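Analysis of the macromolecular model
So the chains spell out like this:
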Amino acid sequence: MNKKQKNMSWQSLSSIIYPAIFGIVVFVMWQGGLLNILLHTDTNTLPSPSRINSIIMDNQAKIFLNLKATVIVALVGLLFGSLIGYGIAIVAAQYRKWGAGGITLASAFNAVPIVALAPVMNNLTKHISSSVDFRSMLAKTLVVMIVCIAGMSVNAYRGLTELKPFSEDLMKTYAAGNFTVFKKLLLPNSIPYVFTALRISLPGSIISALVTEYFSEKVIGIGRQIRENIVTAQFATAWAYIIISCLLGIVLYVLLLLVESVVMKNRNRK
Amino acid sequence: MAQIKKKKNSSTMVTLLWTLAFFLIWELIAFWVESSASIRSPEKVLPHFWKIVAVAFDGKTINGTDTAIQLVWLNAKVTLIRSAQGFVIGASIGFLLAILMSLSQIIKKIAFPYLMIIQMIPILGMAPILLSFTGDIDSSRIIIAAILTFYPVATNTLAGMEAVEKEKHELMYSYAANKWQLYTKTLIPASIPYFFTGLKVSAPLAITASILVDTLQGGIGLGCLLSQSLKGAMTRYVFWLIVVISAAIGILSYLLMGLLEDAISSHKKAERACKR
Amino acid sequence: MDTANTETEILMSDIGMKFNSGPDEVTALTSVSLDIKKGEFVSLVGPSGCGKTTLLRIIADLLNPTSGTINIGGESTKQARLDGKYGMVFQSPVLYEWRNVVKNIELPLEIMGVPKNERLERAEEMLEMVGLKDFGNSYPGQLSGGMQQRVGIARALVIQPEILLMDEPFSALDEFTRERLHEDLLNIWRRTNKTIVFVTHNISESVFLSDKICVLSPHPGRLSAVVDVDFERPRLMDIKSTPEYTSKVFEVRSSFEGV
């Protein structure tokens, strides 16, 4: 092997090795108790990884139940929020004169604190169902949905309107109908923008799900468990849920990237 | 040229009309909620917007000393100051890290995957644990606001520096510019629009963070007041007033970043003036 | 032509350039030997992949050749760069959108530590030379493509370089703008007496502008001919309609190999 090639493989290898070394160092410091000294905390507030792991192992059934609640809220909210957002974008792109202003308003919702939405939704759903399970689930999902609508509608609107020059004119010369134009041109053009939106809204949906759980009627979900355990000073258990929530975020994000790489395989994107 | 100006005005008008439509829909739903027989306390579901405004300007005191708007504003001010502190700290750290990452491949390689992970970790969910770390609610509010600010600023600024064309680097190289000149004359100014993109994302986040941490413990702050009003300690309209005010602060913080960007980039102003 | 300077400015012998190595190896240039006189206007002409830009980048010290030697007035390309002997003009104007026109031209002087008063004076002198006297306070976003490229030329010249390196500077402009810039460039060249190395794929452009045309052919990139152009100077647009001009264009065209 010659020098240049060695350089190339070292380049890609080092981007795994360096962070891995860093991660291992932190892990060892954490397990060895050095992190507690550095952060001035006792092993109660920051328990060692092995202890957190044993708690996760001992409470698998309970953790799974809470995990399921959070995942359903986050993903259902993400799905419907994104669909509604895309729908808004289609309408806005169809009537651009009015659409652009509507999109500006939608983007303003991005700036509304989630904490203000959660109690509102709780009140709203109280009259919809008498089942606590259902209505608190619905309230949480609605919050996640609203958080996801804005991101998707803003990005999808760009995907539906920022077309390559003359591509719309080309469609016109084929005398393509509105639906054909959408299917052959607008939809494929908007796909990269949809993924951009999802990359922002996926972590957003998980965060919103966790936060709305703080306010919801029923005590369930990863976020609620973190809070409940902190309030009762069960820090080790709280840490177990925090680790689970991180893993959830990472796994879902990696899944999204995988789907994106499959869908976008044949496009070269900058 | 006059046409472009007209077009710009009309798009402002459209946004304005949409905002009006939003409030109209709000009022319609509020009427429906009010007249619905099955809903016993309509102000808990959705009160009329004008009633919220009326409470804000009502001269009556609600806790013996302050009127509603005085009380909310008092708490909002505290929340704003805390989130501003966290925001400034987070933005500075994010900016510095972006420069470090662009200076050193090793730092970039170490930090990048962890930055990705931080983005996926629900930081807001970690608010309680941070409180147990610091033991001090005030500093944990600031730290969380800083963490949330730091990530969008760092990644966007780095993206801005990496988006600088190869030719600009070659130009600086041909002038035999040193690292300091490369950064101060080319990379940092070029990354300013990206830096502001990061700030626009994180300004409302910093405020959300501060309000959320408030709800974990009593004291002063919009979040604390929110918890109290939910528990029925005062009229329900105070709760609605907080919702409206915090939404307004979030939106205003976003707009403020845009104004700030316009103020420091004189070329944008000149180009706009020319197009008119 | 007997008054022409005969002192050599750029001397290249047996320059070779390879990119990558092992199975992906690409030979960009093989044994290019060339000698460019002081004050000469030399074009590097060829289709894409012939290595003309690579050769320009080697002169500019942006690339090191894998074989052969090059020197600029007896010193290394690196030394020449450090001495501020090069002015670069790229295909796109590469202006700093947040700086106004004067500040863009002052940029290289700022880096070289020239005092403020002198910077402004020299920048305004350059602006006048490229015909943009009234646009000093405009921002690049407010200028047309041709005007932006004039600013790029002014910025390259403000450091008073010995050599102007131009990489397809007019290829993104429309024909009318390009022809005006051709005449203006020749005027500037006559007034400043720079050595110009001009990369282009436009044969007619190279014939109109140059003293000497270096024809490069691809696969692998090599110097296949050097064509002297000895039309009288100053040249005007009219010469393009003469039979001599047409036959010179034809001569350059027929020197390409393997296209």
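These lines cover the structure that appears in this document, whether it is placed above or below. Values in this document were obtained by computation on a predicted structure and should not be read as measured data.

Regarding its fold elements, chain C presents eight helices and nine strands. Taken over the C-alpha atoms alone, chain C extends approximately 50 × 45 × 35 Å along its principal axes. Looking at chain C as a whole, 55% of its 259 residues qualify as buried. A separation of at least 24 residues holds for 69% of the contacts in chain C among residues at least 6 apart in sequence. With an accessible surface of roughly 11,300 Å², chain C has 48% of that area assigned to carbon and sulfur atoms. The positive charge centre, built from 28 side chains, and the negative charge centre, built from 37, are 3 Å apart in chain C.

Each aromatic ring pair is summarised here by two numbers: the centre-to-centre distance and the angle between the ring planes. Scanning all chains against the criterion turns up 16 aromatic pairs over all chains. Measuring from ring centre to ring centre gives 4.6 Å for Phe23(B) and Phe49(B), while their planes differ by 45°; the resulting arrangement is tilted. Taken together, the positions of Phe23(B) in helix α1 (residues 2–35) and Phe49(B) in helix α3 (residues 49–56) put the pair 26 residues apart, joining distant regions of the chain. Owing to a relative accessible area of 30%, Phe23(B) belongs among the partly exposed residues under this scheme. Accessibility expressed as a relative area gives 21% for Phe49(B), which makes it partly exposed. When the ring centre of Tyr96(C) is taken as reference, the NZ or CZ atom of Lys168(B) above it lies at 5.1 Å.

The next thing to look at is the sheet that holds strand β4 (residues 67–72) of chain C. Residue and element names in this part refer to chain C. Strand order in the open sheet made by the three strands is β2-β1-β4, with antiparallel pairing throughout. Of all strands in the sheet, those with a lone pairing partner are β2 (26–37) and β4, marking the two edges. The average angle at which neighbouring strand axes cross in this sheet is 15°, direction not considered. Pairing analysis gives eight bridges linking strand β1 (residues 8–19) to β2, with the strands arranged antiparallel. Along β2, the bridge assignment pairs Met 12 with Leu 34. Relative to β1, helix α1 (residues 52–59) is tilted by about 120°, and along the sheet it contacts β1, β2 and β4.

Residues and elements named next belong to chain A. Helix α7 (residues 132–161) packs onto helix α6 (residues 114–125) with a crossing angle of 140° between their chain directions and a minimal axis gap of 9 Å. By the angle class used here, α6 and α7 are oblique. Taken as a pair, α6 and α7 cross one another with a handedness that is right-handed. Residue-level inspection shows Ile 114, Leu 117, Ala 118, Met 121, Asn 122 and Thr 125 of α6 in contact with α7, the latter providing Arg 135, Leu 138, Ala 139, Leu 142, Val 143, Ile 146 and Val 147. Class assignment of the residues belonging to the contact of α6 with α7 gives a composition of ten nonpolar, two polar and one charged.

Criteria and thresholds
- Residues numbered from 1 in each chain as written.
- Chains lettered and ligands numbered in written order.
- Predicted model: local features only at pLDDT ≥ 70, side-chain atom pairs only at ≥ 80, totals over all residues.
- Heavy atoms only, no water.
- Helix = DSSP H or I, 4+ residues; strand = E, 2+ residues; numbered from the N terminus.
- Buried < 20%, exposed > 50% of the residue type's maximum accessible area, 1.4 Å probe, protein only.
- Contact = heavy atoms within 4.5 Å.
- Areas by Shrake-Rupley, 256 points an atom, 1.4 Å probe, with all protein chains shown as cover.
- Lys, Arg positive; Asp, Glu negative; His and termini not counted.
- Charge placed at Lys NZ, Arg CZ, Asp CG, Glu CD.
- Phe/Tyr/Trp six-rings, centres within 6.5 Å; stacked < 30°, edge-to-face > 60°.
- Lys NZ or Arg CZ within 6 Å of the ring centre and 35° of its normal.
- Pairing = 2+ DSSP bridges.
- Axes fitted to C-alpha atoms, helices over the stretch in contact; angles between N-to-C directions.
- Parallel < 35°, antiparallel > 145°, perpendicular 65-115°, else oblique.
- Left-handed = near helix turned anticlockwise from the far one by under 90°.
- Nonpolar A, V, L, I, M, F, W, Y, C, P; charged D, E, K, R; others polar.

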